[in-house]
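Listed below are the residues making up each chain.
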Amino acid sequence: MSEVFEGYERQYCEISAALSRKCTSAALLDGEQKKQKVSEIKSGVDDAESLIRKMDLEARSLQPSVKAGLLAKLREYKSDLNNLKSELKKITTVNPNQAAREDLLESGMADTLMVSADQRGRLMMSTERLNQSTERVKESRRTMLETEELGVSILQDLHQQRQSLLHAHSTLHGVDDHISKSRKILTAMSKRMDRNKWIIGGIIVALVLAIMLILYFKLKH
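Quick notes on the rules
Residues numbered from 1 in each chain as written. Predicted model: local features only at pLDDT ≥ 70, side-chain atom pairs only at ≥ 80, totals over all residues. Heavy atoms only, no water. Helix = DSSP H or I, 4+ residues; strand = E, 2+ residues; numbered from the N terminus. Buried < 20%, exposed > 50% of the residue type's maximum accessible area, 1.4 Å probe, protein only. Contact = heavy atoms within 4.5 Å. Phe/Tyr/Trp six-rings, centres within 6.5 Å; stacked < 30°, edge-to-face > 60°. Patch = residues over 30% accessible without salt bridge, like charges linked within 9 Å, V, L, I, M, F, W, Y side chains within 5 Å. Areas by Shrake-Rupley, 256 points an atom, 1.4 Å probe, with all protein chains shown as cover. Salt bridge = Lys/Arg side-chain N within 4 Å of Asp/Glu carboxyl O.

*Asks:* Any chance you could explain the overall build of the chain here in plain terms?
*Replies:* A count of helices and strands for the chain gives four helices and zero strands. Counting helices and strands in the order they occur from the N terminus, the chain gives α-α-α-α. Out of the 221 residues in the chain, the part that is buried amounts to 22%. Taking all contacts inside the chain whose residues are at least 6 apart in sequence as the whole, residues at least 24 apart take part in 76%.

Dropping the structure here:
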């Protein structure tokens, strides 16, 4: 839930409770005292209306999933304010005669105050249930974020492992290339050595033949 909305909500509940008490006491007053109390009630009603408008603007600026619950609460607060206005109207239009005021308190006023108190009780219960639902939504969101962070961490680890494997594969490929080059060099050296052996062998045979010819001609003469 929006902290701004909660702040307006607390202020409204305090003003509503104060207005209810003032309406009760104003119904028992006469003359200037009553006028002063009625003036205070009207000022409080204006403040309550201003808070309801602020709550309405704040609720409509939030996400749809949160907005629906807040607007439902706001309808309850508007109904409560209408009841307070009805109480104020009855107080300002009542006959100043003491007997008439007592009849009003015993009938309509008492019933209205009882309904208003009961309604405020329901509002508080609805607020509590909505707060609990909001907390559950917040907890679910925290769990979702933690799961998302864990998934991102796992993906990063897998990416690092993939990079390591690719690097190892590249290293092995390079080793294979070096081994192939070394094999070619050794093969070439082996061929060269064989060729040199044949050349040396040929030279030795030629030398032996030459020595034998020399000895033959010397012995002959």
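*Asks:* What is the right way to look at the packing of aromatic side chains in this model?
*Replies:* Within a pair of aromatic rings, the relevant descriptors are the distance that separates the centres and the angle that separates the planes. Summed over all chains, the structure comprises two aromatic pairs. Between tyrosine 12 and tyrosine 77 the ring centres are 5.1 Å apart and the planes differ by 50°, which places this aromatic pair in the tilted class. Residue tyrosine 12 is found in helix H1 (residues 3-26), and its partner tyrosine 77 is found in helix H3 (residues 64-93); the two are separated by 65 residues along the sequence. Their ring planes at 70° and their centres at 5.6 Å tell us that tyrosine 216 and phenylalanine 217 sit as a pair that is edge-to-face.

*Asks:* Which parts of the structure should I look at to understand a nonpolar patch on the surface?
*Replies:* A cluster of nonpolar residues, Ile199, Ile203, Leu207, Ile211, Leu215 and Leu219, forms a patch on the protein surface that exposes about 630 Å² of accessible area. With respect to the secondary-structure elements, leucine 215 resides in helix H4 (residues 98-220). Taking relative accessible area as the criterion, leucine 215 reaches 48% and is therefore assigned partly exposed.

*Asks:* Help me understand the pattern of salt bridges, please; the structure alone is not making it clear to me.
*Replies:* Working definition: two side chains of opposite charge can pair if their charged atoms are close together. Following the criterion strictly, the structure yields seven salt bridges and no others. The partner of lysine 73 in a salt bridge is glutamate 9, with the nearest N and O atoms 2.4 Å apart. Of this pair, lysine 73 sits in helix H3 while glutamate 9 sits in helix H1, and the two are 64 residues apart along the sequence. Of the two residues examined, lysine 73 and glutamate 9, each falls in the buried class. Through salt bridges with shared partners, one network takes in Lys22, Lys37 and Glu40.

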